[in-house]
Amino acid sequence: MIEFNSQKTFYKTPFGAVPRHTDLSFRIRITDGRSVASACLVLSSDEGEISRVAGASDNKDEKGGKSLYQFSLRVETIGLFFYHFEVTYQADGNEEATAGDQTRINSESNDAKGEPIPFEKTPGYQLTVYSEDFQTPDWLKSGLMYQIFPDRFARSDAYIAPEQNKRYVKRSDWGGIPNGLPDENGIVQNNDFFGGNLRGIIEKLNYLEELGVTVIYLNPIFEAYSNHRYDTADYKKIDPMLGTEEDFRELCRCARARGIRIILDGVFNHTGSDSLYFNKTGRFPVTGAYQSNESPYYNWYRFINHPDEYESWWGIDTLPHINETEPSYLDFIARSEDSVIRHWMRQGASGFRLDVADELPDEFLEAVRLAVKEEDPDGALIGEVWEDASNKISYGSRRAYFQGRQLDSVMNYPLKNGVIDYLIHHHNGKTLENLINSLWENYPQPAFSSLMNLLGTHDTPRILTVLSDEGRGEEYSRQRLFLAWMIISFMPGIPCVYYGDEIGMAGGKDPYNRLCFEPERGNQQILRFYRRLNDFTKKITKLQNYVYQPRSAEGSFYSFSRTGTMGRLIVAVNSGSQDCLVNLAMKEGEHLQDHLISGTVLFERQGVYRIKENSGITAYIVKKNSSDPFGIVEKNSSHRSGF
């Protein structure tokens, strides 16, 4: 048997993804006592084998029938690689058997003489090698992001939208149910507007600042036909239903004065058919691609039979697909002096979230990143990717998001799904830990520390609805929500609240997850928890520098830690029905500075707590600076949180 664990530094140093030109060391242990003829590390890419590195035996580790072999490797090329180990044992008669063709991989296969070949191969492991210059903005590594669906967040009477030259419904019943039913032609128009606008967001900035928000992520704000605005009509114009470009500049100025940045939704894979560029309905005073193959925008699209047959996003004919590598389109979006990216960065945006990033070509992503960073080296580029972004394959191609030339971060859907599954379905802390450890290992550290950690978006049902358990009641569902938020709030990266989740808004799939924000009708208990969590986080100086470490996971118990120069955090939760114990392992000279409890946590003995069903604790431990020998929590024998 070959012993190897890629997540332990005894076996692989340094841990995880590495910058180019890094020297790596590997070790394997061979535990079955057979005599080894040779050991080899095999490195490959998607294109095939790259190199084979012979292992050196360390006889000093040979004890109890175990042999230790060491390997050294230096990768000079940026990319995604895979490696495994091959061990060849002494054959019968002490003849060396060599590792080679695939028929020798199975130790039970036979050679030409009918004798077993003593050969063994490990599973494959991933190695991400990224640019040594890859850095991500510090403001993505802590704080709080808040996602806003503009039509439904806040409506200010200070802005009166002009009448629109399109078919639409102007709703006066703020808080009503959006129309998600198809029309007489079977089409869901998404054309009812409740009137949320940029001025409304400006008027809510005090609320957002008090909540602890440091970044606002706006769903699309450019002119479009629909209320969701993912069918862009004009990339360089604020939708008149939302306001003006001056309103946007003022929003950015007022937000920045409160320490809040604005990032925009970039929808560049497709436009609307009712747009300046395609102009299928003829609503715009230009010659669109639909109208003529002489249009300056004709080459942006992929026509099969002009004008009525064309490629569209997921077959939706109102969303014609863009040819993103068309030079004139690349220039328009990113490369020209007054490109779309540069224009909005100059108006005050701090970056973009890219819609369907897995459908945008590498060349396009690299051009967008270059434009963002040239306008603001501290600007951010976040991709919508629903899987592990380090090894994603889309449309038959391996993606290169995290090699230093494309994205800074992605929406952390794997974490969201893992937390939900842990709390609702499997109640297995080890399963959740393994998922997070896989991202920790596969992602470059600059990206892992900048992930957009979320529990819900405009594309998913509301998190409170997802976590609800009618059989256990509202309090049980709230407790699940608090535990979910406790986990993602202290993971590396920045937690993101979908507007209204902080007041307990509920709702299923679109359009019920896009209801109007009505804070006066919100759940104050949930809001208090969010604010308490924010107050707790503010006490931790430079949380972004605290290093993540898995801690303990067994049964329904899950915990992890973050360690910095001034102290450490321990997060421990119990999603099951059996009590769990957490030992804070308090060291001499340490002090329990603060704690956050959700549910019921009982004091057992110094540094040890009993976590009851559906409960959790976050402990902030620093060097002791008072005469209190036990810290804050341990003065009491038990704790029952109001949260």
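For the structure, check the block above.
A brief report on the enclosed structure follows. Treat the numbers as computed from the prediction; the structure is a model and nothing was measured. (Residues numbered from 1 in each chain as written. Predicted model: local features only at pLDDT ≥ 70, side-chain atom pairs only at ≥ 80, totals over all residues. Heavy atoms only, no water.)

### Regarding helix H5 (residues 327-335)
Just so we agree on the cut-off: Here the term buried applies to any residue with accessible area under 20% of the maximum for its type, exposed to any over 50%, and partly exposed to those in between, with areas from a 1.4 Å probe on protein chains only. Secondary structure follows DSSP: runs of H or I at least 4 residues long count as helices, runs of E at least 2 residues long count as strands, and numbering of each begins at the N terminus. The arc in question is the one traced by the directions running from the helix axis out to the C-beta atoms. Contacts are assigned to residue pairs with any non-hydrogen atoms lying within 4.5 Å of each other.
Among the residues of H5, those classed as buried are Tyr329, Leu330, Phe332, Ile333 and Ala334. Each buried residue of H5 sits inside an arc of 165° when the element is viewed along its axis, so together they form one side. Looking at the buried positions of H5, the neighbouring elements they touch are strand S17 (232-238), helix H6 (340-346) and helix H7 (362-375).

### Looking at the pattern of salt bridges
Stated formally: Between Lys or Arg on one side and Asp or Glu on the other, a salt bridge is scored when a side-chain nitrogen of the former is within 4 Å of a carboxyl oxygen of the latter.
Under the criterion given, the structure shown has 50 salt bridges. Here Lys236 and Asp338 are joined by a salt bridge, their closest N and O atoms 3.4 Å apart. In this pair, Lys236 is assigned in strand S17 and Asp338 in the loop between H5 and H6, connecting sequence segments 102 residues apart. For Asp338, a relative accessible area of 39% puts it in the partly exposed group. When salt bridges that share partners are traced, they join Glu337, Arg342, Arg346, Glu374 and Glu375 into one network.

### What to know about helix H9 (residues 429-442)
Spelled out, the test is: Multiply 1.5 Å by the residue count of a helix minus one, and that product is the helix's expected span. Any N or O atom pair separated by 3.5 Å or less is treated as a polar contact, with the protein-specific requirement of one donor-capable and one acceptor-capable atom, and with residues adjacent in sequence counted only for side-chain atom pairs.
The terminal C-alpha atoms of H9, which comprises 14 residues, lie 20 Å apart, in line with the 20 Å expected from a rise of 1.5 Å per residue. Along H9, the positions that sit buried rather than exposed are Gly429, Leu432, Glu433, Ile436, Asn437, Leu439, Trp440, Glu441 and Asn442. Where H9 is buried, its residues touch strand S11 (125-130), helix H8 (413-426), helix H10 (445-448), helix H12 (474-489), strand S28 (547-554) and strand S29 (557-563). With a side-chain oxygen positioned 2.9 Å from the backbone nitrogen of Lys430, the residue opening H9 is Asn428.

### Let's talk about the nonpolar core
For soluble globular proteins, nonpolar side chains are generally found buried alongside one another. We apply this condition: Residues enter a nonpolar core if they are buried and are Ala, Val, Leu, Ile, Met, Phe, Trp, Tyr or Cys, with the set joined through side-chain atoms within 4.5 Å.
Core analysis: the biggest nonpolar cluster contains 125 residues, and Tyr146, Phe268, Ile333 and Tyr558 have the highest contact counts within it. The element contributing the most residues to this core is H12, with eight residues. In this structure, Phe268 is in contact with Tyr235, Ile322, Glu324, Tyr329, Ile333, Val340, Ile341, Phe352, Leu354, Leu360 and Phe364, ignoring residues within four places of it in sequence. Counting residues in hydrophobic clusters, the runner-up holds 25 residues, among them Tyr11, Val18, Phe85 and Tyr89.

### So, the sheet that holds strand S32 (residues 590-598)
Worth spelling out the cut-off: At least two DSSP bridges between two strands are needed for those strands to be called paired. For every element, the axis is a line fit to its C-alpha atoms; helices are fit only across the contacting stretch, and the angle between N-to-C directions ranges from 0 to 180 degrees.
Spatially, the five strands line up as an open sheet ordered S28-S29-S30-S35-S32, and their pairing is antiparallel. Pairing within the sheet leaves two strands with one partner each, and these edge strands are S28 and S32. The mean angle between the axes of side-by-side strands here comes to 15°, regardless of whether they run parallel or antiparallel. One ladder, built from eight bridges, connects S32 with strand S35 (residues 615-623); its direction is antiparallel. Within S35, the position partnered with Leu592 by the bridge is Ile621. The sheet strands contacting helix H13 (residues 524-538) are strand S30 (567-574), S32 and S35, and the helix crosses S32 at an angle near 165°.

### So, the packing of aromatic side chains
To be explicit about the condition: Two rings belonging to Phe, Tyr or Trp (six-membered ring only in the last case) form a pair when the distance between their centres is within 6.5 Å. Interplanar angles under 30 degrees mark stacking, angles over 60 mark edge-to-face geometry, and anything in between is tilted. Note on criteria: charge over ring means Lys NZ or Arg CZ within 6 Å of the ring centre, with the direction from the centre no more than 35 degrees off the ring normal.
All told, the structure shown has 50 aromatic pairs when counted by the stated rule. Considering the side-chain rings of Phe268 and Phe352, the 6.3 Å spacing of their centres and the 50° angle between planes classify their relative orientation as tilted. Linking Phe268 in the loop between strand S18 (261-266) and strand S19 (303-305) with Phe352 in strand S21 (residues 351-354), this pair joins segments that are 84 residues apart in sequence. Taken as a pair, Phe268 and Phe352 share a single burial class, namely buried. Ring pairing ties together the aromatic residues Tyr235, Phe268, Tyr277, Tyr297, Trp300, Tyr329, Phe332, Phe352 and Phe364, which thus form one cluster. Over the ring of Tyr499 we find Arg462; its NZ or CZ atom is 4.7 Å from the centre of that ring. Here the guanidinium or amino end of Arg472 rests over the ring plane of Tyr476, the centre of that ring lying 4.0 Å away.

### What to know about unusual backbone geometry
Looking along the chain, the bond that leaves Thr13 and enters Pro14 is cis, with omega of -5°. Examined against the element boundaries, Pro14 turns out to sit in the loop between strand S2 (12-13) and strand S3 (18-19). Here the residue pair His306 and Pro307 is connected by a cis peptide bond, since its omega of 5° sits within 30 degrees of zero. Mapped onto the elements, Pro307 comes out in the loop between S19 and strand S20 (309-310).

### Some thoughts on a nonpolar patch on the surface
For clarity, the threshold we go by: Only residues above 30% relative accessible area that lack a salt bridge enter a patch, with like-charged residues linked at up to 9 Å and the nonpolar side chains Val, Leu, Ile, Met, Phe, Trp and Tyr linked at up to 5 Å. Only the protein chains shown count as cover for residues, with accessible areas throughout obtained via the Shrake-Rupley method and a probe of 1.4 Å.
Together, Trp314, Ile316 and Tyr395 make up a nonpolar patch on the protein surface, roughly 440 Å² of accessible area in all. Tracing the chain through its elements places Tyr395 in the loop between strand S23 (393-394) and strand S24 (397-398).

### Brief notes about the pairing of strand S9 (residues 79-89)
Where burial is concerned, most of S9 is hidden: 10 out of the 11 residues are buried. Judged from the five bridges that link them, S9 and S11 form a sheet pairing that is antiparallel. Pairing of Phe81 across the sheet is with Leu127, part of S11. Judged from the three bridges that link them, S9 and strand S10 (residues 119-121) form a sheet pairing that is antiparallel. Residue Glu86 lies in a different strand from S10, and its bridge partner there is Lys121.

### Some remarks on the packing of H5 against H7
To keep things clear, this is the line we draw: By definition in this entry, angles of less than 35 degrees are roughly parallel, angles greater than 145 are roughly antiparallel, angles of 65 to 115 are roughly perpendicular, and the rest are oblique. Three categories are distinguished: nonpolar for Ala, Val, Leu, Ile, Met, Phe, Trp, Tyr, Cys and Pro, charged for Asp, Glu, Lys and Arg, and polar for the others, with Gly belonging to the last.
At a minimum axis distance of 9 Å, the contact between H5 and H7 shows a crossing angle of 30°. If you check the angle between H5 and H7, you find them roughly parallel. Contacts between H5 and H7 involve Tyr329, Leu330, Ile333, Ala334 and Arg335 from the former and Glu363, Phe364, Ala367, Val368 and Ala371 from the latter. When its residues are assigned to classes, the contact of H5 with H7 shows eight nonpolar, no polar and two charged.

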